Amino acid sequence: MIALMLTLALGFAQLCVLLALVFCAIRLLLGPTAQDRVLALDSLWMAAMLFILLLGIRFSSVIYFEAALLIALTGFVSSIALAKFLMRGEIIE
Amino acid sequence: MTGFLTLSMAEISPWLAVPIIFLLILGGIITFTGALGLLRLPNFYQRIHGPAVFITVGTGCVLIASMLYFSGTLERPVVHELLITAFVLMTAPVVSMMIMRAAVYRDLRARKPEGNSTDAYQFPDDQ
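No experiment lies behind these values; they were computed from the predicted model shown. (Residues numbered from 1 in each chain as written. Chains lettered and ligands numbered in written order. Predicted model: local features only at pLDDT ≥ 70, side-chain atom pairs only at ≥ 80, totals over all residues.)

> Before we go on, may I ask you to explain the overall build of chain B in this structure?
Assigned secondary structure in chain B consists of 5 helices and 0 strands. Starting at the N terminus and ending at the C terminus, chain B contains elements arranged as α-α-α-α-α. Burial analysis of chain B (127 residues in total) assigns 31% to the buried set. A separation of at least 24 residues holds for 60% of the contacts in chain B among residues at least 6 apart in sequence. (Helix = DSSP H or I, 4+ residues; strand = E, 2+ residues; numbered from the N terminus. Buried ≥ 20, exposed ≤ 12 C-beta atoms within 10 Å, placed from the backbone. Contact = placed C-beta atoms within 7 Å.)

Listed below in structure tokens is the structure:
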């Protein structure tokens with residue numbers, strides 16, 4: 001009974017994070033300005049990290065933790081690089 | 001339905017499962033709400049608040065749930081999720097500040113040729 005409830009809660013959380021990924025992807029595709037797209041890409045990284053953590057709970061494996069940590073690191077670096085490019089690319093033009 | 005149940009999920013104690021269920025549902029709702037705000041709000045300066053909510057609170061809820069779950073199934077304290085928590089809590093404000101500065105610079109540059117208003121805190125038109 002408690003395992004069934006845990007599975008249902010896990011499925012609900014996965015569905016919510018999946019919808020969040022879809023929303024971020026829509027904003028990434030139709031964002032009117034460049035900073036909207038960078039913001040959507042940053043939140044897409046974080047939502048993907050959450051989804052991988054939930055997959056780790058689903059399959060009861062600690063290996064997914066390293067993937068989530070790597071995604072968090074790479075997302076941070078790429079978001080910083082894109083934000084710097086948004087400022088400097090305009091100045092060079 | 002039993003195909004989805006893994007063995008270790010069945011043998012977790014109810015006193016540990018109830019907080020995990022609560023944190024998972026709370027994290028899911030917060031993540032959904034934050035992403036919906038990113039999609040639906042009309043202005044960039046309002047849109048930046050949605051991801052900030054789910055990056056901090058949603059990630060925190062899911063990470064604490066994951067920590068409790070693996071501590072229960074492996075029967076030893078598993079705290080390495082605190083690495084991701086600390087990293088995300090340190091880097092999320094930095095990323096928000098950089099994107100925000102870039103957006104303010106770009107808006108000010110875009111407005112400069114046609115307007116003579118020097119008010120930097122005025123919101124741009126909804127787009």
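> Would you mind going over the interface of chain B and chain A with me for this structure?
Accessible area lost upon the coming together of the parts is a frequently used measure of interface size. With 52 residues of chain B in contact, the opposing surface of chain A contributes 47 residues. Within the residue set of the side of chain B that touches chain A, elements represented by two or more residues are α1 (7-10), α2 (14-40), α3 (44-47), α4 (49-74) and α5 (81-111) of chain B.

> So what exactly am I meant to see when it comes to α5 of chain B here?
Note on helix geometry: an α-helix contains 3.6 residues per turn, so any two residues three or four positions apart are oriented the same way. Residues and elements named next belong to chain B. Over its 31 residues, α5 extends 45 Å from the first C-alpha to the last, a length consistent with the 45 Å expected when each residue adds 1.5 Å. Considering bend angle alone, the principal kink of α5 is centred on T91 and spans about 25°; proline P93 follows within four residues of it. Along α5, the positions that sit buried rather than exposed are E81, I84, A92, V95, M98, I99, A102 and A103. (Expected span 1.5 Å × (residues − 1). Bend = angle between axes of the 7 residues up to and from the residue.)

> I tried to follow unusual backbone geometry on my own but got confused; where do I start?
Trans is the prevailing form of peptide bonds, just as negative phi is the prevailing case for residues other than glycine. Here the phi dihedral of S60 of chain A falls at roughly 55°; this positive angle occurs in a residue that is not glycine. Its location among the elements puts S60 of chain A in the loop between α2 (34-58) and α3 (64-92). The phi dihedral of E75 of chain B is positive, around 60°, even though this residue is not glycine. With respect to the helices and strands, E75 of chain B occurs in the loop between α4 and α5.

> What's the story with the nonpolar core in this structure? I'm lost.
What tends to happen in soluble globular proteins is that the nonpolar side chains get buried as a cluster. Among the nonpolar cores identified, the biggest contains 56 residues, and A20, A47, L50 and L54 of chain A together with A35 and I99 of chain B are the most heavily contacted of them. Of all the elements in the fold, those that place two or more residues in this core are α1 (2-30), α2 and α3 of chain A together with α2, α4 and α5 of chain B. Looking at this core element by element, the count peaks at 12 residues for α2 of chain A. In this structure, A35 of chain B is in contact with L19, A20, F23, C24, S43 and A47 of chain A together with G50 and F54 of chain B, ignoring residues within four places of it in sequence. (Core = buried A, V, L, I, M, F, W, Y, C linked by C-beta atoms within 7 Å.)

> It is not clear to me how the packing of α4 of chain B against α5 of chain B should be interpreted in this structure. Could you clarify?
Residue and element names in this part refer to chain B. Axis separation between α4 and α5 bottoms out at 10 Å; the angle between their running directions is 180°. As the angle between them shows, α4 and α5 are arranged roughly antiparallel. Counted together, A52, I55, T56, T59, G60, L63, S66 and M67 of α4 and E81, I84, T85, V88, L89, A92 and S96 of α5 form the full contact between these two elements. Along the lines of polarity and charge, the residues of the contact of α4 with α5 split into 8 nonpolar, 6 polar and 1 charged. (Axes fitted to C-alpha atoms, helices over the stretch in contact; angles between N-to-C directions. Parallel < 35°, antiparallel > 145°, perpendicular 65-115°, else oblique. Nonpolar A, V, L, I, M, F, W, Y, C, P; charged D, E, K, R; others polar.)

> For this particular structure, what's the right way to read α4 of chain B?
The first and last C-alpha atoms of α4 of chain B sit 37 Å apart over 26 residues, in line with the 38 Å expected at 1.5 Å per residue. Positive backbone phi, approximately 60°, marks E75 of chain B, located one or two places after α4 of chain B.

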